[in-house]
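# Examining the three-dimensional arrangement
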There are 6 protein chains.
Amino acid sequence: MILRIDRWQSELPPPADPDPAGASIVQELMGGKFGEMSTLMNYTFQSFNFRNRQGARPFYDLIANIAAEEYGHIELVAAAINTMLTGAPSKGESPRNSQQFIAGGKSALPQDSMGKPWTGDYVTATGDLVEDLTHNFFLETGARNNKLKVYEMADHPAARALTGYLLVRGGVHQVAYARAVEKLTGADLMKMFPSPRIPTDKIPECQPHLKRGEHLKLYRFSPEDYREIVAVFNGPHPETGEDLTVIDHAPEGTPPVDLPPETDVFAPDYAPEEIAQIAQKLREAAGLPKTPTGVVANNGGNGSAGDTVKDAVA
Amino acid sequence: MILRIDRWQSELPPPADPDPAGASIVQELMGGKFGEMSTLMNYTFQSFNFRNRQGARPFYDLIANIAAEEYGHIELVAAAINTMLTGAPSKGESPRNSQQFIAGGKSALPQDSMGKPWTGDYVTATGDLVEDLTHNFFLETGARNNKLKVYEMADHPAARALTGYLLVRGGVHQVAYARAVEKLTGADLMKMFPSPRIPTDKIPECQPHLKRGEHLKLYRFSPEDYREIVAVFNGPHPETGEDLTVIDHAPEGTPPVDLPPETDVFAPDYAPEEIAQIAQKLREAAGLPKTPTGVVANNGGNGSAGDTVKDAVA
Amino acid sequence: MILRIDRWQSELPPPADPDPAGASIVQELMGGKFGEMSTLMNYTFQSFNFRNRQGARPFYDLIANIAAEEYGHIELVAAAINTMLTGAPSKGESPRNSQQFIAGGKSALPQDSMGKPWTGDYVTATGDLVEDLTHNFFLETGARNNKLKVYEMADHPAARALTGYLLVRGGVHQVAYARAVEKLTGADLMKMFPSPRIPTDKIPECQPHLKRGEHLKLYRFSPEDYREIVAVFNGPHPETGEDLTVIDHAPEGTPPVDLPPETDVFAPDYAPEEIAQIAQKLREAAGLPKTPTGVVANNGGNGSAGDTVKDAVA
Amino acid sequence: MILRIDRWQSELPPPADPDPAGASIVQELMGGKFGEMSTLMNYTFQSFNFRNRQGARPFYDLIANIAAEEYGHIELVAAAINTMLTGAPSKGESPRNSQQFIAGGKSALPQDSMGKPWTGDYVTATGDLVEDLTHNFFLETGARNNKLKVYEMADHPAARALTGYLLVRGGVHQVAYARAVEKLTGADLMKMFPSPRIPTDKIPECQPHLKRGEHLKLYRFSPEDYREIVAVFNGPHPETGEDLTVIDHAPEGTPPVDLPPETDVFAPDYAPEEIAQIAQKLREAAGLPKTPTGVVANNGGNGSAGDTVKDAVA
Amino acid sequence: MILRIDRWQSELPPPADPDPAGASIVQELMGGKFGEMSTLMNYTFQSFNFRNRQGARPFYDLIANIAAEEYGHIELVAAAINTMLTGAPSKGESPRNSQQFIAGGKSALPQDSMGKPWTGDYVTATGDLVEDLTHNFFLETGARNNKLKVYEMADHPAARALTGYLLVRGGVHQVAYARAVEKLTGADLMKMFPSPRIPTDKIPECQPHLKRGEHLKLYRFSPEDYREIVAVFNGPHPETGEDLTVIDHAPEGTPPVDLPPETDVFAPDYAPEEIAQIAQKLREAAGLPKTPTGVVANNGGNGSAGDTVKDAVA
Amino acid sequence: MILRIDRWQSELPPPADPDPAGASIVQELMGGKFGEMSTLMNYTFQSFNFRNRQGARPFYDLIANIAAEEYGHIELVAAAINTMLTGAPSKGESPRNSQQFIAGGKSALPQDSMGKPWTGDYVTATGDLVEDLTHNFFLETGARNNKLKVYEMADHPAARALTGYLLVRGGVHQVAYARAVEKLTGADLMKMFPSPRIPTDKIPECQPHLKRGEHLKLYRFSPEDYREIVAVFNGPHPETGEDLTVIDHAPEGTPPVDLPPETDVFAPDYAPEEIAQIAQKLREAAGLPKTPTGVVANNGGNGSAGDTVKDAVA
């Protein structure tokens, strides 16, 4: 089971100029064959279905733990898309992904960049450990390919912040799975890096993460479990030679930006202030503080609702 | 983002007689339109896409928090399927869901009971709060319908333990969403319970959960967040009149059963003991204890791998 | 079984400026999850599968009868799309939905606004009456959401006439299903209106229909059957307080506009006049009148074919 | 638009021995590529999208009118499936199509015989008249192939009554489209009959229909419209040489069998008699007669609900 | 089994101005219901599944042989798409088919013009010979319809060269299947030509092929087999009256254009010259000539890699 | 383009006892994610889309050439399925894959073992050479996994002959792609063999192929092209240490078994002897020999049709 923490794994800029075309492209990183729903669900099912966990504990821990990080990735992809759609006009030129407006409230969908839904067909969980790890190494290769392509095709700051971060973190997972294959078979997959040959050291949006050493760290996303990832994730980074490190807790994260209502698509409603009034009454009736207890990036100290947020991003 | 805890939300029996036909039916609760992947992903996307969270904090917290519980549900459905498939012969009569053997290692798939993959089409996240809550109330209604049907169609102890638990917890979510709609609109949805008219008080496998009051409790699945669920989840239970309660932490859970290898489908390999040996060496090289650090239900004190586990469940 | 009447349920303007982008958006109301194929097929299957009809006759009649009206809705959506595509150039900028040109003859497809085909997965027909009615209430909620969004995204007169009409009629169905749930469970769903909060009284294209009281009337679409809808559809309208009324017959309807040939996509052919000549001969050989017996909106008194029609709309 | 008549186009036997495996096979005639949803939707879309109707009126009338008959065919396929599922146990051996029980209430689904949903991809409506008619001729060929195969694979009396009827009526449509192609192009398609070479004269369940001349008649399914079908549907039948005839109204039809509740799948509920009581009160409040006004085949004169029906078919 | 020949069946122009929108439209001829993957796979499966080949040898040979030609058609469609994408910017305006860039390397995909994947549902292989031949005749009719529409919608020289060629060759297949139906049933399908009424004699890009008589020739795509196609493919062409002819070998074909790297999408890599160096070493180590042995249209005598090619097409 | 040779790459036994359940399982090797349609289409699209072929000629030749062999694999899978279905009763117990009977004529379909159609989504052709080769190595790993599972689940002699052969040949492709990755990156993938750990030396049906050294040979499937595969496919076999060899032509193959008609599913017709008579006349009119020119395994010297074949396998 999981505990959920209302923080983003990495910062994204607040909404500025909307970019619905870009937001439709970023969907590939959500619902595409090589998107984050795929990495999340591949590793999740592999961990659910893992037989003989005690016997292969370091490998089970590795897959289960990376699965946990991926949840934060779909969250971040959604956040980037929602940011890019904030303020986008529902009138005028027909958007590239019309369902972001019609099925959603200017929001992310479990679809790829052509509007096709993510499907369970994208999950490979054979139960054969070497095979699954080989698959995962390849999946991360393909995912990095797609991340860089989306980086190039969508230049909105939120898309760039997203892909800059995911390129670095996806690289860690790629290394982790390569190490796991190596430990089991002896094949030196380190020689395959970087694949694709993405020069993250030249991508501006990767720099802050590289500087913090995010390309070297595998976080442990659990209060108590998955301690044996250290048995696999170690040795030198294949590109830089620096030491791979396990961080024994989750990253601190950053409060999410509270995106403003989009009343023309009824998100959360035509009249969000009425919802806010109801919410306020319910909060008080429940003995909660007058200001919302949630922590968000963009209303420091100001707990009032809706409009304030709207002002904040205006 | 999430932290993952390697515990099941509820106990399942260890593998005994395999039941591949039953396991193919239970898939409906995984990948069906009204299965747990649907509840998980509906609420997850609704929470990711929630606009004006501060203004509608109690409702955001409710949806985000229930999404977290659902992750534990897909885990439990997978565990039940895997348990039912343990020891199932890959030879002989063709299984109802052949891909549990061919695509998986006698394991759960992101598919429904007819082998069709789960799809993002099953997600409704409109951004309109009243509409999404109405949807969620209906979704839980449909999910409970399916749970009882699977209860009747699959009488394997693992299937029964699963559905007994899910019927009770799904009922809590149904009540929670009904309460949320009521708070926002005034419509008295409590009168619609039970829907479908499932007499959980007569279902043996529901009793332990009812006795512990699991039909009344909404757990808070977060170290710090989602505190405002109390503002919505309160008042009397529509069927029993007892008080609805928020539990301010996650349930304790129970260690998972470590399912034995199935070497005829290479899960985790033809020769799991070799993997165990490699794992042992890696563990030692990393300075980990000699016995696996993972906690599982079925190898108390005995950290050795593969065969031991096989013995344990034999 | 059905009798078909060659009339539209509501008037649409004749083709003027083509709007292929808008026509691709309107497809959502045809083949989307919340489109008219979905409402048609949901209610149709629910009525086909209805058990114990005599025991629950008023509810059976309600669902079966609304299913009949929905057929007219898919007809009208198709007509709007076809109108918007009339005269659209097949050369030049690639259209948003290329298959309206390639698979069709500048015409409607059983697809949504992203070109994905409608699928039977969109049908929910559980057989549980309360559950199906709850579903239908929600489905109409979602459908109204989509109708307004399409209203905003496609401003072609045909799209506006269509959505103005459908918003009003969909509202009637939403009320009808809410009433049905209330009659069975006592839950006061009237308090949920309007949902989404669509101010139909401010939408110009809704006014003619509201003025004629179309928001209050449930038509009986059958020569003899479905008489018991009056037992459910009664009481005050949740928004206006006016009396809901059953009209004991179908609406009169309006003759369809006969859309002109589009020879560049061979619809109905490169040389429609040759078809017209053959038709004329066949008609005479069969003892039919010289002018076509069909009644259409745009060739009053002039039964000759093809070119005349082309002139009429030019 | 349509008027709906609550009659079946042909009689089916009341439920007797259930046959869920057979019912799963009959689904091919509902949701398969060559099933009745396909014929219905192909002709429906072709008629909606028909350009220059006045110029090609006999052909428009033909397609639009046959579309209307097809609605009765999906109704009959559903009825046969529901009949075959009546009384089927939800416990015990896992059914071939589990979703008939889980997603439905022992009822028909918009799926094929492998449980795959019908999809809009099965619709071909090109707008080119000769092409569409050629397609329709082929579609009916394929549909007849499937009907006979289902006839052989499912020997339940309801399946046999269904396929016996559909083989005859599908043959009429096949002839009609062949005639239409001939009238337009001169190609003598009559020589292709029978295709497939199905000896309907040797199939017992076809005999009553052949004796009534149902293989020769095209009914006009409209109060006023589609009068020009006579211009196409005439001449000798390609197999028997008898005259093809247009009947200027719909067939009389037969009252549907009111299938009993299946309480183990909550269809229409666990406690159908409560629904019946509510219905009774609503009926009286609305000034309707005490006995249901609906006409069904199996409760002559006895309007009481649920149990009575159950007795009637027991 | 097959032998592959590295030649195109017809010439395409080298890349010039990129046309990604056009390339997305041409996809319909690849992965659409009536695209070349459909013709290839329909005839391939029909030939694989053909029962009693000796008894029906001329018909088996016909279908098997046309299947072989279709492989060359999907090759040519891919080549046209790749040509049109060469040099297309991955930055800037979002492309109509984003997956040509993200999933591919500016390259063809097994998708239609709306980005939907080709599916096995598009294959009809009933085993009934007359039915399959009728289907194939219709399929070629639909395919020709789509080819002309793509001709009109995509005016890039590669698209025009492609469709000009395919219109002529598809016409031959349409005639071949019509002849086969005629031989078996006596129905005079020749009267249905041309269908759709496409005036190939007025389409400039068809002229070179018509002049070479390509509309009359059925090639035999096999060293030894399929000799009995002459028994079916004979008689006069339905439009021109000229004699249909069997050519007893495959067409000579033309060397493919070697398309240059697209390094911004890593195709074949960021640094293709490194691959070329490795390739060169491997070639020499294997005793191959210094210049590549492959024959391509655009590097006459110059076997060096990457850059040269880039220059050649610049 | 291709030349087709009417030979199977390996022998299959003639039909004996039918095994429709087994035939439904073997479908996974046809239309499953890791089936032969996937390997065929992955390599085909990668070769079509290959940029800078001259620069990377050995790698292009490798992929293009293996694609050619895969065509023979789908042919063989179809043949095995058709063999297993020959003589299967269409009446009685409902078959696991009903569409093999209803959509086909007791024949193979482009579907997987759960009846789901193959889809273009299964193709990965990124254009990045290292990535595509990594993918292909993994794809062959997964394919071998599935082949062995099908081997175990379907024990019909045709299934066993098929999988015995494919395991050996798939192994060659797996080695080939591993070598290619090694040549480009230096990573020693040979250490990953065998993966999955399949002991082909203990599988009886692999032995004849191993004895002939089929695990070491890469055939060149082209009259003139793909000569540079020798630059990649060389060195020792990773499991046996024997030398990998390129055979400079295609394998000889074996004449296909001519499967008898199945008149109850109209394949090729109800009355195949009539088709044979027509064929005979056409053959003579075309100046062909009296006996069919096709070479099949099971009618040595006897060119007469239908019945003879029926006798031969009776």
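In this text, all values refer to a predicted model and were calculated from it rather than measured experimentally.

Quick look at the overall build of chain A now. Looking only at helices and strands, one finds 9 helices and 3 strands in chain A. Counted from the first residue to the last, chain A has its helices and strands arranged as β-α-α-α-α-α-α-α-β-β-α-α. Relative to the 2.2 N^0.38 estimate, which gives 20 Å for 314 residues, the radius of gyration of chain A is 21 Å and therefore close to what a compact globule would have. In terms of its C-alpha atoms, chain A occupies a principal-axis envelope of roughly 60 × 45 × 35 Å.

Turning to the interface of chain E and chain F, a few remarks are in order. Interface extent is often summarised as the accessible area lost during association of the parts. Between chain E and chain F, the residue contacts involve 102 residues of the former and 102 residues of the latter. The contact between chain E and chain F buries some 8800 Å² in all, and 59% of this surface belongs to carbon and sulfur atoms. In terms of surface lost to chain F, no three residues of chain E exceed M1, R4 and R51 of chain E, which account for 13% of the buried area on that side. Summed over the shared surface of chain E and chain F, the result is 8 salt bridges. A salt bridge links R283 of chain E to E228 of chain F; the nearest nitrogen and oxygen atoms lie 3.0 Å apart. Inspection of the region where chain E meets chain F yields 65 residue pairs in polar contact (both at pLDDT 80 or more). For the side of chain E that touches chain F, the secondary structure elements donating two or more residues are β1 (2-4), α2 (36-48), α3 (57-85), α6 (157-185) and α8 (272-285) of chain E.

For any pair of aromatic rings, geometry is given as the distance between the ring centres together with the angle between the planes. All names here are of chain B. Taken as a whole, this structure holds 63 aromatic pairs over all chains when the rule is applied. Geometrically, the ring pair formed by Y60 and Y226 is tilted, given 6.4 Å between the ring centres and 55 degrees between the ring planes. A residue pair is termed long-range when its members are at least 10 positions apart, and Y60 in helix α3 (residues 57-85) and Y226 in the loop between β2 (217-219) and β3 (245-247) qualify at 166 residues. Y226 gets classed as buried once you look at its relative accessible area, which sits at 2%.

The next subject is the arrangement of the chains. Taking C-alpha atoms as the reference, chain A and chain D come no closer than 15 Å and do not contact one another. You won't find any contact between chain B and chain E; their C-alpha atoms come no closer than 15 Å.

On to the interface of chain B and chain D. Contacts between chain B and chain D engage 20 residues on the former and 25 residues on the latter. Summed over both sides, the interface of chain B with chain D buries roughly 1800 Å², with 52% coming from carbon and sulfur. Broken down residue by residue, the surface that chain B buries against chain D is led by K149, M153 and R197 of chain B, which jointly contribute 40%. Where chain B packs against chain D, one counts 2 salt bridges. The shortest N-O distance in the salt bridge between D269 of chain D and R197 of chain B comes to 2.9 Å. Our enumeration of links across chain B and chain D arrives at 14 residue pairs in polar contact (both at pLDDT 80 or more). Residue assignment for the side of chain B that touches chain D shows that the elements contributing at least two residues are α1 (20-31) and α5 (129-153) of chain B. Looking at the side of chain B that touches chain D, the element that brings in the most residues is α5 of chain B, giving 7 residues. Residue composition of the side of chain B that touches chain D, by class: 9 nonpolar, 4 polar and 7 charged.

With that settled, the discussion passes to the relation of the copies chain E and chain F. Overlaying chain E with chain F gives an RMSD of 0.0 Å, the required rotation being 180 degrees about an axis along which the chain moves by 0.0 Å. Considering both components of the superposition, the chain copies are consistent with a two-fold axis. In terms of C-alpha distance to the rotation axis, chain E has T119 of chain E as its closest residue, with the C-alpha 2.1 Å off the axis. The overlap is high: 100% of the interface residues of chain E also sit at the interface in chain F, so the same surface is used on both sides.

The transformation that overlays chain B on chain D combines an axial shift of 0.0 Å with a rotation of 120 degrees, and the residual RMSD is 0.0 Å. When the rotation and shift are considered jointly, the pair of chain copies conforms to a three-fold rotation axis. Mapped onto chain D, only 15% of the interface residues of chain B again fall at the interface, so the copies present different surfaces.

This brings us to the environment of I66 of chain B. All names here are of chain B. Locating I66 in the fold gives a position in helix α3. Put simply, I66 and G104 are 38 residues apart on the chain and 29 Å apart in space, counted from C-alpha to C-alpha. If near-sequence neighbours (up to four positions away) are discounted, I66 is found in contact with Y43, H173, A176, Y177 and L218.

This part takes up the side chain of T83 of chain B. Residue and element names in this part refer to chain B. Locating T83 in the fold gives a position in helix α3. Residue class for T83 comes out buried when judged on its relative accessible area of 1%. Apart from residues lying up to four places away in sequence, T83 is in contact with P13, P14, P15, A158 and L259.

Another aspect to go through is the side chain of T44 of chain B. One can find T44 of chain B in helix α2 (residues 36-48). Setting aside residues up to four positions removed in sequence, T44 of chain B forms contacts with Y71 and I74 of chain A together with A67 of chain B.

Residue and element names in this part refer to chain A. Two elements in contact, helix α5 (residues 129-153) and helix α6 (residues 157-185), have axes whose closest approach is 9 Å; the angle formed by their N-to-C orientations is 160 degrees. The angle between the axes of α5 and α6 places the two elements in the roughly antiparallel class. Like other packed secondary-structure pairs, α5 and α6 cross with a definite hand, here left-handed. Taken together, the residues of the contact of α5 with α6 sort by class into 14 nonpolar, 9 polar and 5 charged.

Between the first and last C-alpha of helix α8 (residues 272-285) of chain C there are 20 Å, a value that for 14 residues agrees with the 20 Å anticipated at 1.5 Å per step. Turning to α8 of chain C, its buried residues number three or more, namely P272, I275, A276, A279, L282 and R283 of chain C. Seen from one end, α8 of chain C has its buried residues packed into an arc of 125 degrees, which puts them on one side. Exposed residues on α8 of chain C whose side chains face more than 90 degrees from its buried face are K281 and A285 of chain C. Those residues of α8 of chain C that are buried lie in contact with α3 (57-85), α5 (129-153) and α6 (157-185) of chain D. Remark: G287 of chain C follows α8 of chain C within two positions and exhibits a positive phi of approximately 75 degrees.

Looking at where G72 of chain F falls in the secondary structure, it is placed in helix α3 (residues 57-85). Given the relative accessible area of 1%, G72 of chain F is considered buried. Sequence spacing of G72 of chain F and A271 of chain F is 199 residues, and the spatial spacing of their C-alpha atoms is 31 Å. When near neighbours in sequence (up to four residues on either side) are disregarded, G72 of chain F contacts M1 of chain E together with Q9 of chain F.

Here the structure, examined in full by the defined rule, presents 120 salt bridges over all chains. Here K147 of chain B and E36 of chain B are joined by a salt bridge, their closest N and O atoms 3.2 Å apart. Of the two residues, K147 of chain B is situated in helix α5 and E36 of chain B in helix α2; the sequence distance between them amounts to 111 residues. Residue class for E36 of chain B comes out buried when judged on its relative accessible area of 1%. Each member of the salt-bridge network shares a partner with another, and the members are E69, R169, R212, E214 and K217 of chain A.

When pLDDT drops low, the exact placement of atoms in the prediction is not to be read closely. All names here are of chain A. Chain-level pLDDT for chain A is 94 on average; 95% of the residues reach the 70-or-more range. Low pLDDT, under 50, characterises residues 300-314; the stretch is placed with 23 contacts to residues that sit more than four places away or in other chains. Here the predicted complex scores 0.96 on pTM and 0.95 on ipTM.

Here the focus is the packing of α5 of chain D against helix α5 (residues 129-153) of chain E. It is at 10 Å that the axes of α5 of chain D and α5 of chain E come closest, and there the two elements cross at 150 degrees. On the basis of the axis angle, α5 of chain D is roughly antiparallel to α5 of chain E. In this structure, α5 of chain D crosses over α5 of chain E, and the sense of that crossing is left-handed. Contacts from E131, T134, H135, F137, F138, T141, G142 and N145 of chain D of α5 of chain D reach α5 of chain E at E131, T134, H135, F137, F138, T141, G142 and N145 of chain E. Of the residues belonging to the contact of α5 of chain D with α5 of chain E, the class tally is 4 nonpolar, 10 polar and 2 charged.

Calculation criteria
- Residue positions are counted from 1 within each chain, in the order its sequence is given.
- All chains are assigned letters beginning with A, and all ligands numbers beginning with 1, in the order in which they are written.
- Given that the model is predicted, a residue must reach a pLDDT of at least 70 before its local features are reported, and side-chain atom pairs must reach 80 or more before they are shown or counted; all residues, however, enter totals for whole chains, interfaces and linings.
- The basis for the side-chain values is all heavy atoms of the structure; hydrogens and waters are excluded.
- Strands are runs of DSSP state E lasting at least 2 residues, helices are runs of H or I lasting at least 4, and numbering of each runs from the N terminus.
- The atom set for the radius of gyration is the C-alpha atoms, and the globule formula is 2.2 Å times the number of residues raised to the power 0.38.
- Whether two residues are in contact is decided by their heavy atoms: any pair within 4.5 Å suffices.
- Values labelled buried area give the accessible surface lost by two parts on being combined, using a 1.4 Å probe and summing over both.
- We define a salt bridge as a side-chain nitrogen of Lys or Arg found within 4 Å of a carboxyl oxygen belonging to Asp or Glu.
- Polar contacts here mean pairs of N or O atoms no more than 3.5 Å apart (in protein, one a potential hydrogen donor and the other a potential acceptor; neighbouring residues in sequence count only if both atoms are side-chain atoms).
- Aromatic contacts are taken between Phe, Tyr and Trp rings whose centres are within 6.5 Å, Trp giving its six-membered ring; a plane angle under 30 degrees counts as stacked, one over 60 as edge-to-face, and the others as tilted.
- Each residue is assigned to one of three classes by its accessible area relative to the maximum for its type, calculated with a 1.4 Å probe on protein chains only: buried under 20%, partly exposed between the two thresholds, exposed over 50%.
- Any residue that is not Ala, Val, Leu, Ile, Met, Phe, Trp, Tyr, Cys, Pro, Asp, Glu, Lys or Arg is counted as polar, Gly included; the first ten are nonpolar and the last four charged.
- Superposition of the copies used a least-squares fit over C-alpha atoms from residues whose pLDDT is at least 70 in both.
- Every angle, taken between N-to-C directions, lies between 0 and 180 degrees, and every axis is a line fitted to C-alpha atoms, over only the stretch in contact when it is a helix.
- Should an angle fall under 35 degrees it is called roughly parallel, over 145 degrees roughly antiparallel, and 65 to 115 degrees roughly perpendicular, with every other angle called oblique.
- Crossings are assigned a handedness: left-handed for a near helix turned anticlockwise from the far helix by less than a right angle, right-handed for a clockwise turn.
- Expected helix span is given by 1.5 Å per residue-to-residue step, counting one fewer step than there are residues.
- The arc in question is the one traced by the directions running from the helix axis out to the C-beta atoms.
- pLDDT is a per-residue confidence score from the predictor, ranging from 0 to 100.

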